[in-house]
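# A structural walkthrough
Chain by chain, the residues run as shown.
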2 protein chains.
Amino acid sequence: MRDSKLRTGVLYGVGIGPGDPELLTLKAVRILKQVEVIAVPKSKEEAESKALSIVQQAVDIKGKEILELVLPMTKEKEILAKAREDVANLICEKLKQGMDIACITLGDPLFYSTFSYFIPLITKVLPEIEVRVIPGVTSINAVSSITLLPLAEADEKVAVIPATYEEKGLKEIIRNFDSIVLMKINKVMDKILTILEELDLKDKAVFISRAGWPDEVVVKDVESLRNKRLDYFSMIMIKK
Amino acid sequence: MRDSKLRTGVLYGVGIGPGDPELLTLKAVRILKQVEVIAVPKSKEEAESKALSIVQQAVDIKGKEILELVLPMTKEKEILAKAREDVANLICEKLKQGMDIACITLGDPLFYSTFSYFIPLITKVLPEIEVRVIPGVTSINAVSSITLLPLAEADEKVAVIPATYEEKGLKEIIRNFDSIVLMKINKVMDKILTILEELDLKDKAVFISRAGWPDEVVVKDVESLRNKRLDYFSMIMIKK
């Protein structure tokens, strides 16, 4: 028998920051303590979730249900759409049972995160659902704080671009902005080096992988990275 | 007599997030509890510091020395340079006495913050000084979380631009990026409305002032703001 008074759960997107457990916010900690279910997006390929291991260092999550949201690392749109829908349905089931869910995400839930895909899928099934996002410290702020390079001063312009973007546009943006953060550079490093050379900006660029993690790497001589195999969590910051 | 063993203090730049005291990070709280001096940049015009009142809601700062760093709101370069140098010297005095100082800043210390000006001025006087930056949640992530508009998904490009920038360049950037955050719009709102109208993007724009503060304002019908007097802490986010 359905209890008509049953309250629908609240869906929280919780940003846990760039990697250092101490960069969780007080609000993230409170919500994670409070909810019954912690949802963890992960790829099929991952053995364990990095995000979950960071949370475990800051919050006691014993007794909470961990809901793994497995999404394949593919660009095939149909497979991806189906997987996302399945995952959204898993979340909806818990919400319908009145459980509050915190979906954790490295950095910020609405900055290059899977969480933003879930919002329309879940509100399609449960239009009245309450979605609350707890913002987090992003990897770009982590990179800036580690290198002590200001992301923006006074009237400066900042661009954040996936380096997979087409070369001509990339060069144009790098030329026109004061600070540029290039994401997803691990597979296109040689292209980036060529552009930096053409624009005479190699000495203004810093490479960072795994910002704020114990195995963080910072490289100022970016040329030394040519033909190297790079970590998935790699970025370049250019500060003129 | 000078104690040659006297340790020089550490200078911390501590981001306290966009306005909600719960958005301080665990690290910010720890550092603020630990230091002897809390430095608070403020303009001559301000009666009290917003940043300090946010910190006071999250951390017990009784017994700590509060160092007010008064900087005039002026564009006159010489006056500003002199004021910044005086303020940097104040900080250096404390550091030389072996005191650790946390310089608090709304949002992130290296994202449109006064803190970045202090770094070169202080390291000029004290080259061996240790500067550590604790990144914070920025106002752009706050705006994104409040509106539930993703700042970036997949391969999207993000631009953050002071809206005081020249009109032609502004229009070009708004046209070419997927997400655009316009800062400092309070005095140039009519110019922005004209651009949004020309690019047919008015319904993709959201206005926010004082994101995350008790007196936060969110306006989706941006046209209604024409000719209105706007708050200093106002932004527009455009999400295509």
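Look up a bit, the structure's there.
Residues numbered from 1 in each chain as written. Chains lettered and ligands numbered in written order. Predicted model: local features only at pLDDT ≥ 70, side-chain atom pairs only at ≥ 80, totals over all residues. Heavy atoms only, no water.

The next thing to look at is the sheet that holds strand 3 (residues 65–71) of chain A. All names here are of chain A. Spatially, five strands are ordered 3-2-4-1-5 in an open sheet, and the strand pairing comes out parallel. With partners counted over all chains shown, the strands left at the sheet margins are strand 3 and strand 5 (130–134), one partner each. Averaged over all neighbouring strand pairs, the angle between strand axes comes to 25 degrees, with direction disregarded. Pairing of strand 2 (residues 37–43) with strand 3 involves seven bridges; the strand directions are parallel. By the bridge assignment, Pro41 is partnered in strand 3 with Leu69. (Pairing = 2+ DSSP bridges. Helix = DSSP H or I, 4+ residues; strand = E, 2+ residues; numbered from the N terminus. Axes fitted to C-alpha atoms, helices over the stretch in contact; angles between N-to-C directions.)

Another point: the interface of chain B and chain A. On the chain A side, the residues contacting the 49 residues of chain B number 49 residues. When chain B packs against chain A, close to 4100 Å² is buried across both sides, 60% of that on carbon and sulfur atoms. One can count six salt bridges joining chain B with chain A. Counting every contact that joins chain B to chain A gives 28 residue pairs in polar contact (both at pLDDT 80 or more). Broken down by secondary-structure element, the contributors of at least two residues to the side of chain B that touches chain A are helix 1 (26–34), helix 4 (115–125), strand 5 (130–134), helix 5 (139–147) and strand 6 (158–162) of chain B. For the side of chain B that touches chain A, the element with the highest residue contribution is strand 6 of chain B, accounting for five residues. (Contact = heavy atoms within 4.5 Å. Buried area = accessible area lost by both parts, 1.4 Å probe. Salt bridge = Lys/Arg side-chain N within 4 Å of Asp/Glu carboxyl O. Polar contact = N/O pair within 3.5 Å; in protein donor to acceptor, adjacent residues only side chain to side chain.)

Here we take up the side chain of Lys239 of chain B. Residue and element names in this part refer to chain B. Turning to its location among the elements, Lys239 is positioned in strand 10 (residues 234–239). Look at Lys239 and you get buried, because its relative accessible area is 9%. In this structure Lys239 touches Leu149, Pro150, Leu151, Glu153, Glu156, Asp178, Ser179 and Lys204, once residues within four positions along its chain are discounted. (Buried < 20%, exposed > 50% of the residue type's maximum accessible area, 1.4 Å probe, protein only.)

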